[in-house]
Amino acid sequence: VAARPQLPAPPAARLRQTSKMARLSIAASALLLASASAFAPVSMTTQTGTSLRMSTISADETFASEDAKKQIGNDAFLNTNLMQRAMSGPAKKNQEKLKIGIVGAGLAGMVAAMDLADAGHDVEMFELRPYVGGKVSSWTDKEGNHIEMGLHVFFGCYYNLYGIMKRTGSFDYALRVKEHVHTFVNDGGKLGALDFRFPIGAPVSGLQAFFKTEQLEVEDKFHNAVRLGTSPIVRALFDFDGGMDMVRDLDDITFTEWFTQLGGSRGSLDRMWDPIAYALGFVDCDHISARCMLTIFMLFAIRTEASVLRMLEGSPQTYLHDPIIQYLDDRNVKINLSTGCRDLVHEVDDQGRPTRVTGIKIGPNDEVKEFDVVVAALDVPGIRKVLPDNFRKYPIFDNIYKLDTVPIATVQVRFDGWVTELEDDTRMMDVSGDQSDGKGGGIDNLLYSADAEFSCFADLALTSPTEYYKEGEGSLIQAVFDERAFDRSNDQIVQDCIDQLNKLFPSSRKLKCTWSSVVKLGQSLYREKPGQDKLRPRQATPVENFFLAGSYTYQDYLDSMEGATRSGLMVADEIVARADGPNGLKAKAEAAKAKKEEAVLA
């Protein structure tokens, strides 16, 4: 693996500020310690607050499954046992066998299918696209190039997703661990970093990373420390429940509003926090919920491994989806590709509200497939297209239409040299011989930038070389543009990507683009703006045999691969918990079938 370039030495003017920086760092450290002491509870075992109790009441009223309840609430953030749950499958095998139809073969739908098949049910899936994966899809073009729908990075706190990968046998060979450094690339090739490598783990490793970062000027670094020192993150070091409850209460304001209330500076937002916000949700700090940003940094502060990044050896199709497909095939789960759901066949009450879904219409001839249970494992635009209008009589469904989404454009650009190689022009131009397995020149990691319209990017020929490196070729840069560039033509987006890469890596102007691809998603993640979290629907719905899954549905994580995995496990848990017994899903399905037959005879 190519060595990571050393960060440039600070200019003389910066060196002359050493004593000032030291004084400010000491002051910030003292503030952090004072804030921590102020937040420390009298007893370390004392439980905090109303919001935690309200969360528990909500869980008891909403979820039938004890395993589903473990995926929400404060404990879910620190519960590494969730990985074991995902590895092992559902807690029980049902006595009754349900016929289950799953609409959508994204990550959430496939994870749900794994659990439901292991619980003894007959599962069939229907996917509109000619490939599985949803927002994590990938495919090959006629020339054999692997094309992705987004840049997919695996955080160390993806406990549920890692459990699924262990269950399918892919974890040990599919992922490449990156250096524990989050690198920012600025105009002119200047690098900054949050370097978490430290002999002592979290929270010390995180504190020293923020103090040492070259990405912020001394004054911004001080103000950054002031704001973080008075944040829920510090309280959580001593009282996690109290800190997490504070984070939940911050969903109605933006991160900028929260950050600037008590000392945070605009410089910190512009140079460091905005690129991170764009990477998380494709919106900037002025528009992203404070809850969203602080949730991920809460995990970084508490768990050393949370900020460790991994990337796949190659494409998501090969290294993530294919093992799941094989697992499902071994359990006789049928996946119907290029077969979208055109309508939900359902019964209604005297007010026109849906009471039961009896099947789905598929294909150009509206073929009706009947099921005991139907799961809609879709993204926000997908579920809106599938739901009949009368479903909106229930607030849980109507709220889905209040969720906003963000457009993105994923760009892949291949070059005849190594774009991120900053130290050696000869090495940058050298593509001779076999440079597979990450031996090419440049930076083998996820990269952020405050000076480009793509907030995060990576050289897949280095980070995921097994399928993305081509002998005789150099970098394959994958970058994700947000809505600022979405409406431009594909050719213009490619040219803008090349031009902005040239600004970040000036020596790359010597290189030529040999291939490119642009994939646009008009409605990608749901927009993590203030007030959205309370609109996310739970997996079980008022329609007794109709369930929802997808990363937008309610679970205590972000709209992400881990969020999708959690939702898939939760919906399966809910169905398994409701399947058996005289009032179970199977008994209700049989009763509905008998009633229909009686009506036909009458």
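Here, every reference points to the structure presented above.
Summarised in this report is the structure supplied together with it. (Residues numbered from 1 in each chain as written. Predicted model: local features only at pLDDT ≥ 70, side-chain atom pairs only at ≥ 80, totals over all residues. Heavy atoms only, no water.)

### Looking at the overall build of the protein chain
Piece 1. Each helix and strand in the protein chain was counted, giving 25 helices and 20 strands.
Piece 2. Relative to its full complement of 602 residues, the protein chain shows a buried share of 60%.
Piece 3. Just so you have it, the protein chain exposes about 23,600 Å², and 51% of that area is on carbon and sulfur atoms. (Helix = DSSP H or I, 4+ residues; strand = E, 2+ residues; numbered from the N terminus. Buried < 20%, exposed > 50% of the residue type's maximum accessible area, 1.4 Å probe, protein only. Areas by Shrake-Rupley, 256 points an atom, 1.4 Å probe, with all protein chains shown as cover.)

### A short note on the pairing of strand β12 (residues 354-362)
Sheet faces and side chains relate simply in a regular strand, where the side chains alternate between the two faces.
Piece 1. With seven bridges joining them, strand β11 (residues 341-348) and β12 adopt antiparallel strand pairing. Each residue of the ladder has a partner; that of Val-345, found in β12, is Gly-359.
Piece 2. Connecting β11 to the next strand, β12, in antiparallel fashion are five residues, including Gly-352 with a positive phi near 85°.
Piece 3. Strand direction decides the pairing type here: β12 and strand β13 (residues 367-370), joined by four bridges, are antiparallel. By the bridge assignment for β13, Gly-359 is matched with Glu-370.
Piece 4. Between β12 and β13, which follow one another and run antiparallel, lie four residues, and Gly-363 among them has a positive phi close to 75°. (Pairing = 2+ DSSP bridges.)

### So, the pattern of salt bridges
Piece 1. Within this structure, the stated rule accounts for 42 salt bridges.
Piece 2. Measuring nitrogen to oxygen at the nearest pair gives 3.4 Å for the salt bridge that ties Arg-566 to Glu-562. Taken together, the positions of Arg-566 and Glu-562, both in helix α24 (residues 561-579) and four residues apart, correspond to about one turn of that helix.
Piece 3. Taking the relative accessible area as the measure of exposure, Arg-566 reaches 2% and is therefore buried.
Piece 4. Salt bridges sharing partners connect three or more residues here, namely Arg-85, Asp-115, Asp-118, Arg-167, Arg-331 and Asp-573. (Salt bridge = Lys/Arg side-chain N within 4 Å of Asp/Glu carboxyl O.)

### Examining the environment of Asp-118
Piece 1. Structurally, Asp-118 is set in helix α7 (residues 107-118).
Piece 2. Look at Asp-118 and you get partly exposed, because its relative accessible area is 23%.
Piece 3. Between the alpha carbons of Asp-118 and Asn-94 there is a distance of 9.3 Å; along the sequence they are 24 residues apart.
Piece 4. A distance of 2.4 Å separates polar atoms of two side chains, one belonging to Asp-118 and the other to Tyr-327. (Polar contact = N/O pair within 3.5 Å; in protein donor to acceptor, adjacent residues only side chain to side chain.)

### With respect to the packing of aromatic side chains
Piece 1. The tally for this structure, following the rule as stated, stands at 27 aromatic pairs.
Piece 2. Centroid distance Phe-184 to Tyr-448: 5.1 Å. Interplanar angle 25°. Geometry classified as stacked. In this pair, Phe-184 sits in strand β7 (residues 181-186) while Tyr-448 sits in strand β16 (residues 447-448), placing the two residues 264 residues apart along the sequence. Just as Phe-184 is buried, Tyr-448 falls in that class too.
Piece 3. A centroid spacing of 5.4 Å and a plane angle of 70° characterise the contact between Phe-454 and Phe-481, whose relative ring orientation is edge-to-face. With Phe-454 in strand β17 (residues 454-459) and Phe-481 in strand β18 (residues 476-481), this residue pair connects regions lying 27 residues apart in the sequence. The same class applies to Phe-454 as to Phe-481, namely buried.
Piece 4. Clustering of aromatic rings is evident, with ring pairs tying together Phe-154, Phe-155, Tyr-158, Phe-196, Phe-210, Phe-255, Trp-258, Phe-259, Trp-273, Phe-297, Phe-300 and Tyr-557. (Phe/Tyr/Trp six-rings, centres within 6.5 Å; stacked < 30°, edge-to-face > 60°.)

### Notes on the sheet that holds β16
Piece 1. Pairing in this open sheet of seven strands is mixed, and the strands run β8-β7-β16-β17-β18-β15-β19 from one edge to the other. Each edge of the sheet is formed by a strand with only one pairing partner; in this case those strands are β8 (190-195) and β19 (513-521).
Piece 2. Bridge analysis of β17 against β18 gives four bridges, and the strand direction is antiparallel. When the bridges of β18 are listed, Asp-459 appears paired with Ile-477.
Piece 3. Where helix α23 (residues 490-504) meets the sheet, it contacts β7, β15 (408-415), β17, β18 and β19, and its direction lies at approximately 65° from that of β15. (Contact = heavy atoms within 4.5 Å. Axes fitted to C-alpha atoms, helices over the stretch in contact; angles between N-to-C directions.)

### Considerations on the sheet that holds β13
Piece 1. The three strands lie next to each other as β11-β12-β13, forming an open sheet whose pairing is antiparallel. Either end of the sheet is taken by a strand with one partner, and the two such strands are β11 and β13. Between one strand axis and the next, the sheet turns by 40° as a mean value, whatever way the strands run.

### Description of the side chain of Arg-176
Piece 1. Relative to the elements of secondary structure, Arg-176 occurs in strand β6 (residues 175-177).
Piece 2. A polar side-chain atom of Arg-176 sits 3.0 Å from a polar atom in the side chain of Asp-437.

### Digging into α7
Piece 1. Relative to the 16 Å expected for 12 residues at 1.5 Å per residue, α7 spans 17 Å between its end C-alpha atoms, a close match to the ideal helical length.
Piece 2. Counting buried residues in α7 gives 11 out of 12 residues, a clear majority hidden from the surface.
Piece 3. Among the residues making up α7, those that are buried are Leu-107, Ala-108, Gly-109, Met-110, Val-111, Ala-112, Ala-113, Met-114, Asp-115, Leu-116 and Ala-117. (Expected span 1.5 Å × (residues − 1).)

### A look at a nonpolar patch on the surface
Piece 1. A grouping of Phe-198, Ile-200 and Val-204 is seen on the molecular surface, where their side chains present a nonpolar patch of about 250 Å² in accessible area.
Piece 2. Residue position: Ile-200 is located in the loop between β8 and α10 (204-212). (Patch = residues over 30% accessible without salt bridge, like charges linked within 9 Å, V, L, I, M, F, W, Y side chains within 5 Å.)

### Describing the packing of helix α13 (residues 240-248) against helix α16 (residues 290-302)
Piece 1. Between α13 and α16, the shortest axis-to-axis distance is 9 Å and the interhelical angle comes to 160°. Here α13 lies roughly antiparallel to α16, going by the angle between them. In this structure, α13 crosses over α16, and the sense of that crossing is right-handed. Across the interface between the two elements, Phe-240, Gly-243, Met-244, Val-247 and Arg-248 from α13 touch Arg-291, Leu-294, Thr-295, Met-298 and Ile-302 from α16.
Piece 2. Of the residues contributing to the contact of α13 with α16, the split by class is six nonpolar, two polar and two charged. (Parallel < 35°, antiparallel > 145°, perpendicular 65-115°, else oblique. Left-handed = near helix turned anticlockwise from the far one by under 90°. Nonpolar A, V, L, I, M, F, W, Y, C, P; charged D, E, K, R; others polar.)

### Structural notes on α23
Piece 1. End to end, α23 covers 21 Å across 15 residues, agreeing with the expected 21 Å (1.5 Å per residue, within 8%).
Piece 2. Burial in α23 covers these residues: Ile-493, Val-494, Asp-496, Cys-497, Ile-498, Gln-500, Leu-501, Asn-502 and Leu-504.
Piece 3. The inward-facing, buried residues of α23 abut β7, β15, β17, β18 and β19.

### Comments concerning the packing of α7 against helix α8 (residues 159-168)
Piece 1. Two elements in contact, α7 and α8, have axes whose closest approach is 12 Å; the angle formed by their N-to-C orientations is 55°. In terms of axis orientation, α7 runs oblique to α8. Between α7 and α8 lies a crossing whose hand is left-handed. Contact residues: Leu-107, Val-111, Met-114, Asp-115 and Asp-118 in α7; Leu-161, Ile-164, Arg-167 and Thr-168 in α8.
Piece 2. Each residue belonging to the contact of α7 with α8 can be placed in one class, and the counts come to five nonpolar, one polar and three charged.

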